[in-house]
Amino acid sequence: MDAGDLELFERSLRAATQRHRGAELDAALAELGWTELLAEEPPAAITTLFELQGAANTTSASLTRVLEESLGVGPVPVLWPALGSADPPGCLRDSSVVIHGLIAGAPDAGSYLVVINTGQGTSAVEVPAGALTARPVHGMDPWLGVVEITGRLNSGAASGSVPDDGGPVDWPAARALAQLALGHELVGASRQMLELARAHALERVQFDRPIASFQAVRHRLADTLVAVETASAALDAAWEDGSEVSAGMAKALAGRGARTAARHCQQVLAGIGFTTEHVLHRYVRRVLVLDQLFGSTRSLTRALGEELLRSGRLPPLLAL
């Protein structure tokens, strides 16, 4: 896709994300050919859609589509890891498979694809929805529509048994792609929070001056811009590097940048930013949850530090 086509496609996606959410947005994305672009040019498809989705504070099943494409599976919803974790949602324990994962955008699925950590690698099995327990997660961001999926599959041929038709999958690669997608969504949400705070700072007048002229306000906006652009640069470098380590680092920076944006923009917006009359609270709620998906800033940073201590080697430096 050349630059002109990509610009036109981005305008179409922007209109779709601003007008639709949930199943309606999924239908609009299918009509626009986003799934086909995901198969042909993942960086362009993911970067464009997820930043727009973050800016519009909307929802879709696009993250699940990213996992399906990366794992090379059919249209079976792939379970995400549990909140705060980047590990596969299934693990072997006492000859059983314990499942604890999340899903969004697939409320009527007849089955789920569960990636299992076997101890020797990762494999994926399709599990009937009836063998699992689904619990809607309202919590911090009920608009995201997350559902918690849990279950325990025992060996044997009875209902609820471990399926025997699983195959090996590359979970680290799929996880890295999901982390990049979420990183772009966090950047999109952060940029929109910064724009909300900037517009307020120009309009709000105190002591006969716009508060944008106050040094403390300008410092907060500048620190936010630095955090957002740092995360964006790390994501661009991670796409070029193509390693799982760089994807995790970029996701961690995007999560930290989004938290910085939420904190500073909340202060700039002051009292109005604490109310549900202003849209900022939707973005703050969203980034707090997105930061926890596929590894939080804290857990990803800790995992990187533990790997550095174990290996005694630094990862290759990224050209930011």
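Residues numbered from 1 in each chain as written. Predicted model: local features only at pLDDT ≥ 70, side-chain atom pairs only at ≥ 80, totals over all residues. Heavy atoms only, no water.

**What to know about the confidence of the model for the protein**
Right, on to step 1. Of all residues in the protein, 95% attain a pLDDT of 70 or more, and the chain-wide mean is 91.
Right, on to step 2. Contacts for the low-pLDDT stretch residues 156-164, under 50 throughout, to residues beyond four places or in other chains number 16 contacts. (pLDDT = per-residue confidence, 0-100. Contact = heavy atoms within 4.5 Å.)

**Some details on helix H7 (residues 215-241)**
Right, on to step 1. For H7, spanning 27 residues, the distance from its first C-alpha to its last is 38 Å, which sits close to the expected 39 Å at 1.5 Å a residue.
Right, on to step 2. Those residues of H7 lying buried are Val217, Leu221, Thr224, Ala227, Val228, Ala231, Ser232, Ala234, Leu235, Ala237 and Ala238.
Right, on to step 3. At the exit of H7 stands Gly242, carrying a positive phi of roughly 75 degrees. (Helix = DSSP H or I, 4+ residues; strand = E, 2+ residues; numbered from the N terminus. Expected span 1.5 Å × (residues − 1). Buried < 20%, exposed > 50% of the residue type's maximum accessible area, 1.4 Å probe, protein only.)

**Section: the pattern of salt bridges**
Right, on to step 1. In total, this model carries 10 salt bridges according to the counting rule given.
Right, on to step 2. The salt bridge partner of Arg191 is Glu51, with a shortest N-O separation of 3.2 Å. Here Glu51 lies in helix H4 (residues 42-56) and Arg191 lies in helix H6 (residues 171-203), a separation of 140 residues in the sequence.
Right, on to step 3. Here Arg191 falls in the partly exposed class, since its relative accessible area comes to 31%.
Right, on to step 4. Since its relative accessible area comes to 19%, Glu51 is described here as buried.
Right, on to step 5. Arg65 is the salt-bridge partner of Glu68, the closest N and O atoms lying 2.9 Å from each other. With a gap of three residues between them, Glu68 and Arg65 both fall in helix H5 (residues 62-71), about one helical turn apart.
Right, on to step 6. One continuous salt-bridge network, built from bridges that share partners, spans Glu51, Arg191 and Glu229. (Salt bridge = Lys/Arg side-chain N within 4 Å of Asp/Glu carboxyl O.)

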